[in-house]
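Overview (structure and organization)
Here is what each chain is made of, one letter per residue.
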Amino acid sequence: MSDTPRFGFAKVAAWALCCVLGLGLVGWQAARAETAASPDKRRMEFRYWDWGATPKRDDYQFALLTLALDKTVKDYGPYQLSRVVRSYSTSRLRREINRGEVVNVHAGPWRPLEVSEDKLPERSVRINVSIFKDLLGYRKLLIRRADLDRFKRIRRADELKKLVVGQANGWVDIDIYRHNGYAVNDTPTPASLYDMLARKRFDYIPISLLEATTALNYRPELAGELMLLPDITVYLPLPIIFYVNVHEPLMAERLEKGLALAKQDGSFERLFKSSFADELQLIQDGSRVHFALSNPFVPKELTDEKSLEPGARGTPAKPHARRR
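Residues numbered from 1 in each chain as written. Predicted model: local features only at pLDDT ≥ 70, side-chain atom pairs only at ≥ 80, totals over all residues. Heavy atoms only, no water.

Before going further, it helps to spend a moment on the overall build of the protein. Each helix and strand in the protein was counted, giving 12 helices and 12 strands. Taking as baseline every contact in the protein between residues at least 6 positions apart, the subset at least 24 positions apart corresponds to 76%. (Helix = DSSP H or I, 4+ residues; strand = E, 2+ residues; numbered from the N terminus. Contact = heavy atoms within 4.5 Å.)

This is how it looks when you write it as structure tokens:
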């Protein structure tokens, strides 16, 4: 008889423990379901990469990031956005974005996803929203002052193709130029381009309209040797998009939604026009000679927006020269 009470107590204790565990399991499942049904409300930390050489472009990109994130606070919660100025090669940058320790978001030309095993660490998430329309595709030519007369005689694309373009290794522009029959000499880092041009390793560097007026501020000691050619414009369809750390899909989702909201309410367009009024006017004014290249490497939906040029559409153009 002395064992009966102990046995009964053990049964009651076991039953109580099961009830507690059961309630805990139900609570955990409910919390898990709630988490799955709604976005993560943690404070998202966006660390934007600024390479320090294109302030006007980076100011706009940072302002656009801020705009998109502000529009998604209600659905995704608070955020932290910082600007990190670092010098990276193209390949190093892409890997650093995915490491996420220093930077985790940047803007750059649309490119196909990396598929080779050695390039997988560079495969970040694309936000397929063109953030510059086709503005970044308009280029002026940085040349040696001694070559000015030679460039002034150029009227046709085949004449320009006889000269060599200088580009940085890893830039998607290289494939576009080569696809259109242009000779390219690519160097490991953007910082060495100006020196190589001065040393006659190639003949010109295409400079974005956004950087045209400040191109030589980067290397003022070379201003006596180099100059920006005013008479020729080269255009290549080059949509610029944001890239986000591959391990942060919710951050990518938030940014894409924020950009869509900014487009819908017109704030995207207002920011773009107010940021680049001078450059847009230059496109409207035109150049004496205009060369248009085609870009078969980007999806059609990213080149379908109305062109910034008067009376044209934004679809890839066939290579040609146009006199103004």
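Let's pick the thread back up.
Residue-level pLDDT values for the protein average 84, and 81% of them are 70 or greater. Looking over the protein, one finds the lowest element-wise mean pLDDT in helix H1 (residues 3-37), namely 43, and the highest in helix H10 (residues 249-264), namely 98. Under a pLDDT of 50 for its full length, residues 312-324 has, in the predicted model, 41 contacts with residues more than four places off or in other chains. (pLDDT = per-residue confidence, 0-100.)

Moving on, we get to the nonpolar core. In this structure, Phe132, Leu160 and Phe242 are the most contacted members of the largest nonpolar core, which totals 65 residues. In terms of residue count, helix H2 (residues 55-70) provides more of this core than any other element does, seven residues in total. Those residues in contact with Phe242 that lie beyond four places of it in its chain are Gln61, Leu64, Leu65, Val105, His106, Ala107, Val125, Arg126, Ile127, Ile131, Leu255 and Leu259. Formed by 14 residues, the second largest nonpolar core is a distinct cluster that contains Ala168, Ala198, Ala215 and Leu216. (Core = buried A, V, L, I, M, F, W, Y, C linked by side-chain atoms within 4.5 Å. Buried < 20%, exposed > 50% of the residue type's maximum accessible area, 1.4 Å probe, protein only.)

In this structure, Arg126 sits in strand S4 (residues 125-127). A C-alpha to C-alpha distance of 9.4 Å links Arg126 and Glu256, two positions 130 residues apart in sequence. Excluding residues within four positions of it along the chain, Arg126 makes contact with Trp110, Arg111, Pro112, Leu113, Ile241, Phe242 and Tyr243.

Let us look at helix H11 (residues 267-275). Of the residues making up H11, those classed as buried are Ser267, Phe268, Leu271 and Phe272. On an axial view of H11, the arc spanned by its buried residues comes to 135°, and they lie on one face. Of the exposed residues in H11, those oriented more than 90 degrees away from the buried face are Arg270 and Ser274. Buried positions along H11 lie against H2, H10 and helix H12 (277-285). (Arc of directions from axis to C-beta.)

The subject of this paragraph is the pairing of strand S10 (residues 240-244). The element S10 is largely enclosed, with a buried count of five among its five residues. The two faces of S10 match: Ile240, Phe242 and Val244 on one face and Ile241 and Tyr243 on the other face are all buried. With five bridges connecting them, strand S3 (residues 105-109) and S10 associate as antiparallel partners. Bridge pairing in S10 links Pro109 to Ile240. One ladder, built from three bridges, connects S4 with S10; its direction is antiparallel. Within S10, the position partnered with Val125 by the bridge is Val244. (Pairing = 2+ DSSP bridges.)

With that settled, consider the packing of aromatic side chains. Inspection of the entire model under this criterion finds 10 aromatic pairs. Geometrically, the ring pair formed by Tyr60 and Phe272 is edge-to-face, given 6.2 Å between the ring centres and 65° between the ring planes. One end of the pair, Tyr60, is in helix H2; the other, Phe272, is in helix H11, and 212 residues separate them in sequence. Note on Tyr177 and Tyr182: the rings are 5.9 Å apart at their centroids and 70° apart in plane angle, and the pair reads as edge-to-face. For Tyr182, a relative accessible area of 6% translates into the label buried. Here the aromatic residues Tyr60, Phe132, Phe272 and Phe276 are joined through ring pairs into a cluster of three or more. (Phe/Tyr/Trp six-rings, centres within 6.5 Å; stacked < 30°, edge-to-face > 60°.)

To continue, consider the environment of Thr72. Here Thr72 is to be found in the loop between H2 and helix H3 (73-76). Here Thr72 falls in the buried class, since its relative accessible area comes to 0%. Linking Thr72 and Glu256, residues 184 residues apart in sequence, is a C-alpha distance of 9.9 Å. If near-sequence neighbours (up to four positions away) are discounted, Thr72 is found in contact with Gly77, Arg254, Lys257, Gly258 and Leu261. A polar side-chain atom of Thr72 sits 3.0 Å from the main-chain carbonyl oxygen of Leu69. (Polar contact = N/O pair within 3.5 Å; in protein donor to acceptor, adjacent residues only side chain to side chain.)

The geometry of H2 relative to H10 is characterised by a closest axis approach of 7 Å and an angle of 95° between their N-to-C directions. One element, H2, and the other, H10, form an angle in the roughly perpendicular class. Together, Leu64, Leu65, Leu67, Ala68 and Leu69 of H2 and Arg254, Leu255, Gly258, Leu259 and Ala262 of H10 make up the contact between the two elements. Each residue belonging to the contact of H2 with H10 can be placed in one class, and the counts come to eight nonpolar, one polar and one charged. (Axes fitted to C-alpha atoms, helices over the stretch in contact; angles between N-to-C directions. Parallel < 35°, antiparallel > 145°, perpendicular 65-115°, else oblique. Nonpolar A, V, L, I, M, F, W, Y, C, P; charged D, E, K, R; others polar.)

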